[in-house]
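Residues per chain are reported as follows:
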Amino acid sequence: MSCVKVPAIRRFENLAHVNGLSPVLVQDHYTLYQGYVQKAHELCQLHGQAVRQKRSATETDLRNLKRDLTFTLAAVRNHELYFSLLGIHELDCPQMLSESIKTDFGSFDNFISDLTRTALSTHGWVFTVLDHHSNHLINITSAQNGQFPMWNATPIIVIDMADHAYYYDYGSHRAEYLNVLIKNLNWQNVAANLQSAMDAMKAAGLPSASVENHTAAEPHSTAVSPTLELDSSLAVGV
Ligand SMILES: [Fe+2]
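Because the structure is predicted, anything quoted here is derived from the model rather than measured.

Caption draft 1: Seen up close, helix α7 (residues 187-203). Helix length check: α7, at 17 residues, gives a terminal C-alpha distance of 24 Å against a target of 24 Å (1.5 Å per residue), a fit within 8%. Looking at α7, one finds that the buried residues are Trp187, Val190, Ala191, Asn193, Leu194, Ala197 and Met198. For α7, the buried positions fall inside an angular range of 155° around the axis, keeping them on one side. Exposed residues lying more than 90 degrees from the buried face of α7 are Asp199, Lys202 and Ala203. Phi for Gly205, located one or two positions after α7, is positive at around 80°.

Now the structure itself:
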């Protein structure tokens, strides 16, 4: 039995430019992510030992390791996608993305409203995914790491709604945190994630009609421009 190749800790220098979240909160969150990567490496080593030793007739050791490894790898990947989308303020939503959003939600404002309401309904993660079954963008939730809510869907946006993502700055005012988060989203990166998801669909021989008809539209202004000054003093992961 093999284990996955756990990547090295990634640096996210873009986090130095997040508006509306304190450097302390962002640094603590990044440190939590670092811990998940280190834990994933440890679990893969233990996984290898457990497999080689075959020491449990009931596979209890392996089951526990698999559970912990699933949880930890999901935490790593969720945080990496979440961090990668923050702090650059590419305000124009690329036409490919804006037209896909318009097709599936009616308007960009409808999408933001649905994303916000979905996020506020969970204390775990909220994902915007390209669902490969329906070929539509949808907003879905996960209660915690390791519970990605459904298969055959690719996340293009991930937002952390756990307490540690906002409570230091916003207390129980989750809507304020979410408003700040959405203003910090890098729509160029979101569009790149959607393009990658569509490319994967195409490579698998699946249709991707939701986007092919939208190449002539103009870029969409997201109207979620940041209102706070850039804070470039924060150095995360350096
Ligand atoms: Fe988190």
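Once you've had a look at it, read on.
Caption draft 2: Local environment of the sheet that holds strand β3 (residues 136-142). An order of β3-β2-β4 is seen for the 3 strands of this open sheet, with the pairing classed as antiparallel. Unpaired on one side and paired on the other, β3 and β4 (153-160) mark the two borders of the sheet. Taken pair by pair, the neighbouring strands of this sheet meet at an average axis angle of 25°, ignoring direction. Sheet topology places strand β2 (residues 125-131) next to β4; 7 bridges connect them, and they run antiparallel. Within β4, the residue paired with Trp125 across the bridge is Asp160. Against the sheet, α7 makes contact with β2 and β4, and its axis sits at roughly 155° relative to β4, the strand it touches most.

Criteria and cut-off values
Residues numbered from 1 in each chain as written. Predicted model: local features only at pLDDT ≥ 70, side-chain atom pairs only at ≥ 80, totals over all residues. Helix = DSSP H or I, 4+ residues; strand = E, 2+ residues; numbered from the N terminus. Expected span 1.5 Å × (residues − 1). Buried ≥ 20, exposed ≤ 12 C-beta atoms within 10 Å, placed from the backbone. Arc of directions from axis to C-beta. Pairing = 2+ DSSP bridges. Axes fitted to C-alpha atoms, helices over the stretch in contact; angles between N-to-C directions. Contact = placed C-beta atoms within 7 Å.

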